[in-house]
Amino acid sequence: MSLDIRKLLKSVVAYKASDLHLVSRSEPQIRIDGKLVSLNLPVMDGTIIEEMAYSLLTDKQKKEFEEALELDFAIVLPDIGRFRANYYRTMGDIACAFRIIPIEIPSLDQLNAKPIFKDLIKREKGLILITGPTGSGKSTTLAAMLNEINETENKHIITVEDPVEFMHDNKKCLFSHRNVGTDTRSFGSALKFAMREDPDIILIGEMRDHETIGAALTAAETGHLVFGTLHTNSAPETINRIIDVFSGEEQPQVRAQLATSLVAVVSQALLPRLGGGRVAAQEIMITNPAIKNLIREDKVHQLYSQMQLNQNATGMVTQTQELVEYVRQKVISKDSAIQYSNRPDELIKAIQNL
């Protein structure tokens, strides 16, 4: 029995799944509400997967994959949807991971985003970071924030991604989507030349190295609003990750730049909702004079305590507070809250009587 890659991707849409995995010695699997589910189909071998995978590639992409053994790209399949794909090799065989990218970009209201998000996007300059593990909805949150700007302001927005995920129509804003590998050679190169492209806002798909982070900090300092993502699980961890990318003698300067330019860190995770679906738990740190001072003076370990002060005025919230509220409202289970918590001991004490 031959498998059709388009039919498999249709199944992702039909089951409201997020991902499709094709790995040899296994049947096709999809991820629903964060859990892998096997489709009732034959076990695949490398030859079958290669035939399906290559049917979606151009000759240039095939050559790139065969040389690099890795390939990231985005693809639109008419009447099916838009997907981000990664091809890789496992034990000599090709394997594939596809993630669906919604064509309809959600609004902040549809995501039930907190009011602070609409305040953040009104900033004229600075660095706003959305962080979390893979599959935590970072790209969706960022897309909703840019969509809100697109509907309310006249700005030039440059996005640099690998690959480009959400495609924004030009409403009030002008979008320049740049795909690393086809439109630019690297994140660092794109950011270097972005300064000459008259942007108001820059989105960086992933701040993954010294060059990219340095360029993002410089852009945020020089009058641009910069959005970026990192694979970190909390606001303090995010600050440490950025600083640790740089050498010891560079770190005081980077701390000073962060203290000046950082606007907010939103760290999120997607948790299974009781009754089905998933819900985003977000920790929000907004830089105020006290936060800036702690970053500048290398007292990152004190940030968490500062985030808990005067929250009605600052708009800050810790992940523990968010999880406690979800447990209280019976949105998530206690077990899920503990499993996803960054501070499980603190959380267990907070929910023991709920």
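Residues numbered from 1 in each chain as written. Predicted model: local features only at pLDDT ≥ 70, side-chain atom pairs only at ≥ 80, totals over all residues. Heavy atoms only, no water.

Novice: Just checking my understanding: could you explain the overall build of the protein for this structure?
Specialist: Looking only at helices and strands, the protein has 15 helices and 13 strands in total. Its C-alpha atoms give the protein a radius of gyration of 21 Å, within 12% of the compact-globule value 20 Å for 354 residues. Across its three principal directions, the C-alpha atoms of the protein cover 65 × 55 × 40 Å. Considering the protein as a whole, with its 354 residues, one finds that 49% of them fall into the buried category. A separation threshold of at least 6 residues defines the contact pool for the protein, and within that pool the share at least 24 residues apart is 55%. Carbon together with sulfur atoms contributes 48% to the accessible area of the protein, which is approximately 17,000 Å² in total. Looking at the protein, you have 40 positive and 46 negative side-chain charges, and the mean spots of the two groups are 4 Å apart. (Helix = DSSP H or I, 4+ residues; strand = E, 2+ residues; numbered from the N terminus. Rg over C-alpha atoms; globule rule 2.2 N^0.38 Å. Buried < 20%, exposed > 50% of the residue type's maximum accessible area, 1.4 Å probe, protein only. Contact = heavy atoms within 4.5 Å. Areas by Shrake-Rupley, 256 points an atom, 1.4 Å probe, with all protein chains shown as cover. Lys, Arg positive; Asp, Glu negative; His and termini not counted. Charge placed at Lys NZ, Arg CZ, Asp CG, Glu CD.)

Novice: Is there a simple way to explain the packing of aromatic side chains in this structure?
Specialist: The description of two aromatic rings rests on the distance between their centres and on the angle between their planes. Scanning all chains against the criterion turns up 3 aromatic pairs. Ring centres of F73 and Y87 lie 5.2 Å apart, and the angle between their planes is 90 degrees; this geometry places the pair in the edge-to-face category. Placement of the pair is F73 in strand 4 (residues 71–77) and Y87 in strand 5 (residues 81–90), with a sequence separation of 14 residues. Between Y87 and F98, the aromatic rings sit 6.0 Å apart at their centres with planes inclined by 75 degrees, giving edge-to-face as the arrangement. Within this pair, whereas Y87 is found in strand 5, its partner F98 is found in strand 6 (residues 93–101), the two being separated by 11 residues in sequence. Its relative accessible area of 0% is what places Y87 among the buried residues. If you follow R343 out to its NZ or CZ, it ends over the ring of Y304, 3.4 Å from the centre. (Phe/Tyr/Trp six-rings, centres within 6.5 Å; stacked < 30°, edge-to-face > 60°. Lys NZ or Arg CZ within 6 Å of the ring centre and 35° of its normal.)

Novice: Please explain the pairing of strand 3 (residues 35–38) as it appears in this structure.
Specialist: Moving residue by residue along a regular strand, the side chains alternate between the two faces of the sheet. Here 4 bridges tie strand 2 (residues 29–32) to strand 3, and the two strands are oriented antiparallel to one another. Residue Q29 lies in a different strand from strand 3, and its bridge partner there is S38. Hairpin connection, strand 2 to strand 3: the antiparallel pair is bridged by 2 residues, and D33 has positive phi, about 50 degrees. (Pairing = 2+ DSSP bridges.)

Novice: Can you walk me through the pattern of salt bridges in this structure?
Specialist: Pairing is possible between side chains of opposite charge, provided their charged atoms come close. In this structure the tally under the stated criterion is 17 salt bridges. Ionic pairing is found between R178 and E197, a salt bridge with its closest N-O pair at 3.9 Å. With R178 in strand 9 (residues 174–179) and E197 in the loop between helix 6 (187–194) and strand 10 (201–204), this residue pair connects regions lying 19 residues apart in the sequence. Residue class for R178 comes out buried when judged on its relative accessible area of 19%. Two residues, E237 and R241, come together in a salt bridge whose shortest N-O distance is 3.6 Å. On the criterion of helical spacing, the pair formed by E237 and R241 is a turn pair, its members being 4 residues apart in helix 8 (residues 235–244). Residue E237 is classed as partly exposed on the basis of its relative accessible area, which comes to 29%. Given the relative accessible area of 36%, R241 is considered partly exposed. Taken together, the shared-partner salt bridges connect E124, E153 and K155 into one network. (Salt bridge = Lys/Arg side-chain N within 4 Å of Asp/Glu carboxyl O.)

Novice: Explanation requested: the sheet that holds strand 8 (residues 156–161) in the structure shown.
Specialist: Sheet strands associate in pairs through backbone hydrogen bonding, adopting either a parallel or an antiparallel arrangement. What the 7 strands build is an open sheet, ordered 9-8-10-11-7-12-13; its pairing is mixed. Here the strands that pair on one side only, and so sit at the sheet edges, are strand 9 and strand 13 (278–286). For this sheet the average axis-to-axis angle between neighbouring strands, irrespective of direction, equals 15 degrees. When strand 12 (residues 262–272) meets strand 13, the two strands line up antiparallel, connected through 9 bridges. By the bridge assignment, L271 is partnered in strand 13 with V279. (Axes fitted to C-alpha atoms, helices over the stretch in contact; angles between N-to-C directions.)

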